[in-house]
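# Summary of the model geometry
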2 protein chains.
Amino acid sequence: MTWTLHSAWRAGAPYRVRIGLNLKGCAYDYAAVDLIRGDQREPAYRAVNPQGLTPALTLDDRTVLAQSLAILEWLEETVPEPAILPAAPLDRAMVRRMAGIVACDIHPLNNTRVGRYLQLEMGRSQEDYVAWMKHWIAEGFDALEPLVARHGGRFSFGDRPTIADCCLIPQVYGAERWGVGLAPYPAIAGVAARAAEHPAFAAAHPDRQPDAVTA
Amino acid sequence: MTWTLHSAWRAGAPYRVRIGLNLKGCAYDYAAVDLIRGDQREPAYRAVNPQGLTPALTLDDRTVLAQSLAILEWLEETVPEPAILPAAPLDRAMVRRMAGIVACDIHPLNNTRVGRYLQLEMGRSQEDYVAWMKHWIAEGFDALEPLVARHGGRFSFGDRPTIADCCLIPQVYGAERWGVGLAPYPAIAGVAARAAEHPAFAAAHPDRQPDAVTA
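Since the model is a prediction, treat every value here as computed from it, not as a measurement. (Residues numbered from 1 in each chain as written. Chains lettered and ligands numbered in written order. Predicted model: local features only at pLDDT ≥ 70, side-chain atom pairs only at ≥ 80, totals over all residues. Heavy atoms only, no water.)

## Structural notes on the nonpolar core
Counting residues in hydrophobic clusters, the biggest one holds 90 residues, and the most contacted among them are Phe141, Leu144 and Ile188 of chain A together with Phe141, Leu144 and Ile188 of chain B. In contact with leucine 144 of chain A, other than residues within four places in its own chain, are Met98, Ile101, Val102, Leu168 and Ile188 of chain A. Of all hydrophobic cores here, the second largest spans 20 residues; its members include Met122 and Trp132 of chain A together with Tyr117 and Val130 of chain B. (Core = buried A, V, L, I, M, F, W, Y, C linked by side-chain atoms within 4.5 Å. Buried < 20%, exposed > 50% of the residue type's maximum accessible area, 1.4 Å probe, protein only. Contact = heavy atoms within 4.5 Å.)

In structure tokens:
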């Protein structure tokens, strides 16, 4: 098996998939996409994912999967153990609800292409863009915190990592990067602290990727 | 069974769930949330979904489901027939990829709360906001069109409606509303034309909801 994950070290969506692959014990080759340089808009990457977004996962037969949630669901269906969704439908709905808060309500507003639009097309300052990001992160975490407090244990839903954590932990990284403190979110902060100790999450951290640029 | 769908006639995400419920043949009561008046931010609705977003689906035992994709997945798991996901994992991944392009890459940038932020916090004109929406719809449809052309039949994936169509058709409504023509997207336009003839989609159309405001 030689899967290739097209990833960018700091981007939230590929980070989710790295966590999922690590949780499942799936090895993969790492293909770096430099989002600052604009690799995602170049023909070489468009040949992999015409949408020009990361992640994409190339399988042995060159089939390409894209969209992080679709990849995580596919992974759960094809590599069932250890499960990253609970068994009962209502529980699965809660995990997917948590994942959706991050993947549909926070992150889409905060990624590179949106920042480019706000700055290049609307002429907003970097400061305005950071305020914008912090606004959506806070609004999303406000929604997520009571759900995690109610349904969480060691992780966002119960005691084992799920797709909710695959989404949450990269968003916590984003929150810290942009200066959204976790003090109002003790349940989220607790999950993040435990995830940091978990090898699958630790190995997926941006700083540990081959394309990491650290000071 | 007396489920209640908390919905707003024109909003994209509850429209998805209306289609899914109709496809499955599930009857439901309709609870209108007036997004213009701001019902979604009032305590009565916050008691249903603290996040203040539509849709929410209240079940017989008062359990509340939220996040449209989570609701559709739950529906597929609990009311399996007729299926709204194909059987094979790679096919399911493609349907979820298509759904993700709408639900993660287009719609989150175009909803009421984002429009409010751009206009109230950033002081942008309605014209700027419409240009913004058209930009993201076009970018998403550019990505979706070749996938539908390749994998679609009567619907986005094959000949039967899937979760991809539950997401796509409301986005086509949004595209028409904001003036994004479908001429560059013949595969999407074909699916939309066939969906308009399908009773589950027709009954879910905004104009046919109890809270519709038509001229």
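## Topic: the sheet that holds strand 1 (residues 4-7) of chain A
All names here are of chain A. Taking strand neighbours across the sheet as the criterion, the 4 strands line up as 2-1-3-4 in an open arrangement whose pairing is mixed. If you trace the sheet from one side to the other, it starts and ends with strand 2 (29-32) and strand 4 (64-66), each paired once. If you compare each strand with its neighbour and ignore which way they point, the axes differ by 25° on average. As defined by bridge partners, strand 1 adjoins strand 3 (residues 56-58) across 3 bridges and the pair is classed as antiparallel. In the strand pairing of strand 3, threonine 4 is matched with threonine 58. Helix 3 (residues 68-78) contacts strand 3 and strand 4 of the sheet and is inclined by roughly 120° relative to strand 4. (Pairing = 2+ DSSP bridges. Helix = DSSP H or I, 4+ residues; strand = E, 2+ residues; numbered from the N terminus. Axes fitted to C-alpha atoms, helices over the stretch in contact; angles between N-to-C directions.)

## Considerations on unusual backbone geometry
Residues and elements named next belong to chain A. Across the junction of threonine 54 and proline 55, the peptide omega takes the value 5°, indicating a cis bond. A positive phi is found at arginine 62, a non-glycine position, where the angle reads about 75°. Residue position: arginine 62 is located in the loop between strand 3 and strand 4. Since its relative accessible area comes to 72%, arginine 62 is described here as exposed.

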